[in-house]
Amino acid sequence: MSKPRKSHLRIAWKSVCTTCKALFHGCYSAIVLMLAAATLFAAYVATLDDIPVPNFIIRELRDQLQTKGISLRMEGIRFQPNGRIIVERPEFYSPELGSTIVAADIAIAKLKLSRLLFRKVAIDEVRLSSGRIVLPAMLTPSGEPTTAISSINLEAVQRAERWNIRYANCAIDDLKLSLAGRINANLLQLPPPKPDAPKPTVTQIILKLAPQISRVKEELKRLDAPFCTIDLDIEDGTQTAYLDLGATRLKATPEIEVQELSIKAKYALGQSLETKLFANHISLPNEVSAKSLRLFAQWDSEPPPKSLLPDHIQASTAQISYQGTEIPSLIALATPGETTHSAHIQLAFPSSPISARLEHDTESQQTSLDLHALLDTPLLENLNPLAQKFANLDLHSQAQIHSAIDIHATGTLDADFKPSRINAIAQTGETTLLGTTIDYASCSATLTGPQIDLHEVRLQAGQQSGVITVGYNLETMLRRVLIEGSFDPTSVNSWFKPWWAAMWDGMSFPDEGMLTYLDSQATFKRPDTVHVTGTGYVQDFNLRGMLVDELRTKLFSKFHYIDLYDLEINAADDQQAVGEIQFYMDRDVRDEKDKLTGIWIEAISTLDVQNGPKILWEIADGVRNILAPYCYDLPPLLEVRSASVLFEDEFINDIDLGIESETAFTFYGYPLDSLSTEIHIDDDVIDIPYAESDLGGGKMTASAFIVGDAVEIDAQLDDVGFGEALVATNTYFAADGSETAQAMDTERLLSFGGKANASFKGHGILGDSLSYQGEGEFKITEADFGSFRLFGLLSAALEITPLRFTTLSFSDASSPFTVNLDTVNLTDAKMEGGGAAIESEGTYNIETDALDLSAKLFPFRNSKVPLITPLINLPLDIFSNVFEVSVTGTFDEPKLTLFNPNTKQEINVDTPRRDHRPTRNPRSVTKNAPSE
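Residues numbered from 1 in each chain as written. Predicted model: local features only at pLDDT ≥ 70, side-chain atom pairs only at ≥ 80, totals over all residues. Heavy atoms only, no water.

*Asks:* Report on the overall build of the protein chain, specifying residues and quantitative values.
*Replies:* Tallying secondary structure elements over the protein chain gives 13 helices and 56 strands in all. A sequence separation of at least 24 residues applies to 47% of the contacts in the protein chain between residues at least 6 apart. For the protein chain, the computed accessible surface area is about 51,000 Å², with 56% contributed by carbon and sulfur atoms. (Helix = DSSP H or I, 4+ residues; strand = E, 2+ residues; numbered from the N terminus. Contact = heavy atoms within 4.5 Å. Areas by Shrake-Rupley, 256 points an atom, 1.4 Å probe, with all protein chains shown as cover.)

Here it is, written out as structure tokens:
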């Protein structure tokens with residue numbers, strides 16, 4: 001039923017199978033034949049060494065070279081069946097330059113045979129041996145062709161779209177350049193020229209490259225043993241290059257030298273670049289050097305040439321040296337950005353690094369700064385060599401840091417990297433600065449342009465504290481210092497020039513110091529421009545040995561000139577002084593010390609001026625000589641105007657001195673109850689135009705003019721108590737060395753009573769009471785002369801006369817007198833009393849107490865009674881008209897000779913004896929000679 005249909009299907013299936021089988025066997029036979037033919041062809045080619053180079057290849061090569069202006073020279077050329085073209089000693093010659101441009105021993109290029117079938121040239125292998133590039137003679141200084149690049153050896157094979165460079169090396173003078181690795185073939189293709197751009201010839205290219213090659217060769221002379229190695233690779237489809245170059249020595253300039261330089265870089269084309277620089281030692285100008293320099297730069301996304309600035313920079317050096325002085329390592333991190341560049345720099349000192357952070361704005365060209373440092377003793381030791389080099393300062397002797405100084409500064413730098421504004425603060429605990437110990441200090445500072453301001457420099461040392469403000473201009477060099485607080489000026493002597501210490505020498509301040517307000521201005525390095533104003537106040541102050549309860553003053557200073565005005569001084573016992581003192585100090589080149597050269601004083605004072613030699617020790621001798629005539633129990637009121645200037649190591653004085661004292665006062669050794677005088681001192685000239693004092697209930701007035709030791713004097717007594725005058729005169733002679741005066745009973749002198757009026761005008765030598773010459777007169781009233789020894793002797797002598805006088809009473813005396821050195825002459829002495837009168841004349845020797853007097857006694861005459869002057873310790877003599885008396889001997893031991901006026905016959909008188917009284921010591925000074 002169905003067999004016929006089934007049979008047809010089977011036949012059709014078998015037919016298909018048979019056909020496929022026949023087709024397969026046919027293809028297999030064709031492949032076997034082709035492989036056999038290929039094997040036979042390969043065997044045939046293997047038997048061949050060379051075959052002729054296809055003409056179209058040579059023609060194309062020559063055409064290409066001719067368009068470039070170059071001809072090809074060679075010793076031979078061979079073409080192998082495998083596509084290699086071997087050129088022996090090829091040379092590329094430039095007819096224009098008349099010189100070989102490129103040459104080699106052998107050059108091999110393998111062509112792709114498949115491209116030859118279509119008459120195209122494609123190279124997949126290149127070899128070059130002993131190649132060189134030559135600079136034409138016309139482009140070299142020597143006029144001879146010069147090899148610019150030598151020892152060019154190259155072997156590269158193309159696989160697919162990549163070239164595998166097995167080796168490529170060359171030499172440029174001492175530089176050895178080596179390259180190997182894989183590179184994308186498209187990177188070796190030259191960009192198509194612009195349609196309208198002229199095509200440069202090889203000659204033009206050589207003319208352009210020759211100067212650059214010459215400069216490169218010249219720069220390479222700075223390098224010792226330079227090398228450069230480049231490894232190429234393709235990583236994750238990206239062309240990558242590893243660069244390693246360096247030299248044993250780089251002599252950049254005569255002053256800049258780098259030892260063992262090495263640069264390593266990794267470049268991912270169009271993606272990233274990493275560069276590392278190493279240098280073992282770098283020498284820079286001014287004896288600056290660095291060791292173990294490390295520099296790392298990284299471009300993460302856009303490496304050069306798109307962006308020259310890296311994304312990250314790291315730099316470090318193990319040691320920096322300046323003129324033999326070493327500082328620790330330096331570390332710097334930088335992150336450049338599109339709008340902002342940031343950097344962090346750190347000086348890695350052992351215990352306390354100094355760090356700074358910088359932010360640079362690319363649009364405004366402003367740079368912000370943030371610096372932090374902790375200055376401690378180890379850091380100070382590291383900075384000390386730098387301070388000695390740069391500023392000639394020994395920080396060890398300048399400061400000892402017991403508590404670290406914390407410093408923080410922020411600011412802005414301009415486009416030229418100059419500070420436009422800086423703010424800084426600093427704080428420290430116990431620190432010793434220039435010998436002064438400070439318990440606490442803090443400071444804030446600003447720098448705006450050229451102006452530096454230190455605000456509120458707060459200092460505290462014990463009970464002393466205050467604030468200092470400093471301003472300094474870098475352009476004008478003008479500086480200003482404001483000081484407010486309580487300080488001891490002597491504690492900062494080492495902070496200033498020596499004249500500062502000299503000014504405060506011998507002064508001692510209380511623990512809390514002196515309350516001070518000062519404003520100082522000057523031009524830097526111009527000490528002659530120093531200008532200071534201010535005020536000062538201190539209590540319990542030792543002024544060169546004088547204790548002062550309170551002192552306040554205002555100050556003006558110009559360089560070494562200092563003016564203390566509105567000066568007020570209060571001392572014990574209500575002693576006060578107000579006025580002004582100006583003084584000038586200058587450098588003595590003989591011992592390089594600052595010394596007082598001038599002082600001017602205008603003051604009203606009740607201070608004890610006997611402290612003057614201690615306070616003004618610089619002119620102590622002059623002050624001591626000026627004060628020598630004065631002695632007092634209670635300091636007088638003084639009005640002083642003085643000027644003392646140093647000239648040839650001696651001070652020349654010009655002084656106006658007013659003295660007012662209502663208490664006991666000794667003037668030139670003469671005791672007074674009070675004193676009011678005006679004195680002018682002009683070096684060795686002393687003018688006393690007026691002096692007035694109280695003495696014994698009366699007044700004594702005088703004037704004097706003194707030149708050296710010579711004195712002219714004019715003195716007058718008005719209603720002075722006679723007894724008191726005798727006591728004062730006796731005191732004067734006792735102080736002058738008279739033992740007679742020293743042994744005198746002052747109560748006996750006071751018992752004489754009476755009033756004295758006297759005057760004397762003469763001249764003499766200061767300090768020598770036997771040197772005076774002059775004249776005067778005296779008048780004494782209401783005195784009791786009965787107790788004079790001479791009167792007692794005279795009464796005793798008269799008792800044996802017929803008149804039997806038993807009592808003589810005298811109360812008034814007067815006489816003119818002259819003084820001639822040691823002799824007092826009485827020319828018309830008169831003495832009167834209730835019962836008699838005496839007229840006498842004669843001499844008294846002050847030196848020997850010798851008497852040589854003659855007198856007449858007028859009994860029962862109620863007349864004036866003459867008296868030898870008590871002012872100069874003269875004895876009294878009484879003589880009669882009835883009796884003539886001659887007196888010789890001494891004041892203490894007088895000898896009387898009595899004569900009868902009628903018979904002129906001598907009457908024997910036995911002078912009663914008394915115990916011996918001491919006489920004046922022999923004087924050591926010669927008459928008319930100045931005393932020492």
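*Asks:* Before we move on, can you summarise the sheet that holds strand S23 (residues 399–401) with the specific residues and values?
*Replies:* Sheets are built from strands that pair by backbone hydrogen bonding, the pairs being arranged parallel or antiparallel. The strand order S23-S26-S27 describes an open sheet built from three strands, whose pairing is antiparallel. Two strands close off the open sheet at either side, each with one partner strand: S23 and strand S27 (436–438). Between one strand axis and the next, the sheet turns through 20° on average, direction left out of account. Two elements, S23 and strand S26 (residues 431–433), share three bridges in a ladder whose sense is antiparallel. Each residue of the ladder has a partner; that of Gln400, found in S26, is Thr432. (Pairing = 2+ DSSP bridges. Axes fitted to C-alpha atoms, helices over the stretch in contact; angles between N-to-C directions.)

*Asks:* Tell me about the pairing of strand S15 (residues 272–284), residues and numbers included.
*Replies:* Note that strand S14 (residues 256–268) and S15 share eleven bridges and pair antiparallel. Looking across to S15, one finds that Lys266 is bridged to Glu274. In this structure, the hairpin formed by S14 and S15 is closed by a connection of three residues, where Gly270 is found at a positive phi of approximately 75°. Between S15 and strand S16 (residues 288–299), which pair antiparallel in sequence order, lie three residues; one of them, Asn286, sits at a positive phi of approximately 60°.

*Asks:* Account for the state of the cysteines, naming residues and giving values.
*Replies:* A complete count under the given rule lists zero disulfides for this structure. Cysteine Cys228 shares no disulfide, and the gap to the nearest cysteine sulfur, in Cys170, comes to 8.9 Å. (Disulfide = S-S within 2.5 Å.)

*Asks:* Help me get a handle on the confidence of the model for the protein chain, residues and values and all.
*Replies:* Residues of the protein chain with pLDDT of at least 70 account for 76%, and the chain-wide mean is 76. Below a pLDDT of 50 lies the segment residues 860–881, which in the model reaches 126 contacts outside its immediate sequence neighbourhood of four places, other chains included. (pLDDT = per-residue confidence, 0-100.)

*Asks:* Hey, could you go over unusual backbone geometry for me, with residue numbers and the actual values?
*Replies:* In this structure, Asp540 takes a positive phi of about 50° despite not being glycine. The phi torsion at Leu821 lies on the positive side, around 60°, for a residue other than glycine. Among the residues examined, Leu821 registers a relative accessible area of 13% and is labelled buried. (Buried < 20%, exposed > 50% of the residue type's maximum accessible area, 1.4 Å probe, protein only.)

*Asks:* I'd like to hear about a negative patch on the surface, residue by residue, with values.
*Replies:* On the surface, Glu648, Glu650, Asp654, Asp682, Asp683 and Asp684 cluster together to form a negatively charged patch. For Glu650, a relative accessible area of 57% translates into the label exposed. (Patch = residues over 30% accessible without salt bridge, like charges linked within 9 Å, V, L, I, M, F, W, Y side chains within 5 Å. Salt bridge = Lys/Arg side-chain N within 4 Å of Asp/Glu carboxyl O. Lys, Arg positive; Asp, Glu negative; His and termini not counted. Charge placed at Lys NZ, Arg CZ, Asp CG, Glu CD.)

*Asks:* Describe helix H10 (residues 722–735), listing the residues and the values that go with them.
*Replies:* The terminal C-alpha atoms of H10 lie 20 Å apart, and with 14 residues this matches the ideal 20 Å at 1.5 Å per residue to within 8%. Of the residues trailing H10, Gly737 is marked for its positive phi of about 110°. (Expected span 1.5 Å × (residues − 1).)

*Asks:* Pulling in residues and values, what's your account of a nonpolar patch on the surface?
*Replies:* Judged by side-chain polarity, Val578, Ile604 and Leu637 come together as a nonpolar surface patch covering roughly 230 Å² of accessible area. Mapping Ile604 onto the fold places it in strand S38 (residues 593–605).

*Asks:* Which residues make up the pattern of salt bridges, and what values go with them?
*Replies:* A full pass over the atoms with the stated rule returns 23 salt bridges. The salt bridge involving Arg78 is made with Glu88; its shortest N-O contact spans 3.8 Å. Within this pair, whereas Arg78 is found in strand S2 (residues 76–79), its partner Glu88 is found in strand S3 (residues 84–88), the two being separated by ten residues in sequence. Of the residues examined, Arg78 reaches a relative accessible area of 31% and is grouped as partly exposed. For Asp173, the salt bridge is made with Lys217, and the minimal N-O distance between the two is 2.7 Å. Placement of the pair is Asp173 in the loop between strand S9 (162–172) and strand S10 (175–184) and Lys217 in helix H4 (residues 202–220), with a sequence separation of 44 residues. The exposure class assigned to Asp173 is partly exposed, which follows from its relative accessible area of 39%. Through salt bridges with shared partners, a single network forms among Arg84, Glu125, Arg127, Glu155 and Arg166.

*Asks:* Give a description of H4 that names residues and reports values.
*Replies:* Here H4 contains 19 residues, and its C-alpha end-to-end distance of 25 Å stays within 8% of the 27 Å for a straight helix at 1.5 Å per residue. Of all the bends in H4, the greatest, near 30°, is centred on Leu209, and the proline Pro211 appears no more than four residues after it. Listed in full, the buried residues belonging to H4 are Val202, Thr203, Ile206, Ala210, Lys217 and Leu220. (Bend = angle between axes of the 7 residues up to and from the residue.)

*Asks:* Any chance you could break down the environment of Asp714 for me, citing the residues and the numbers?
*Replies:* With respect to the secondary-structure elements, Asp714 resides in strand S47 (residues 710–721). When the C-alpha positions of Asp714 and Thr701 are compared, they lie 8.4 Å apart, and in sequence the two are 13 residues distant. Those residues in contact with Asp714, other than ones at most four positions away along the chain, are Thr701, Ala702, Ser703, Phe760 and Lys761.

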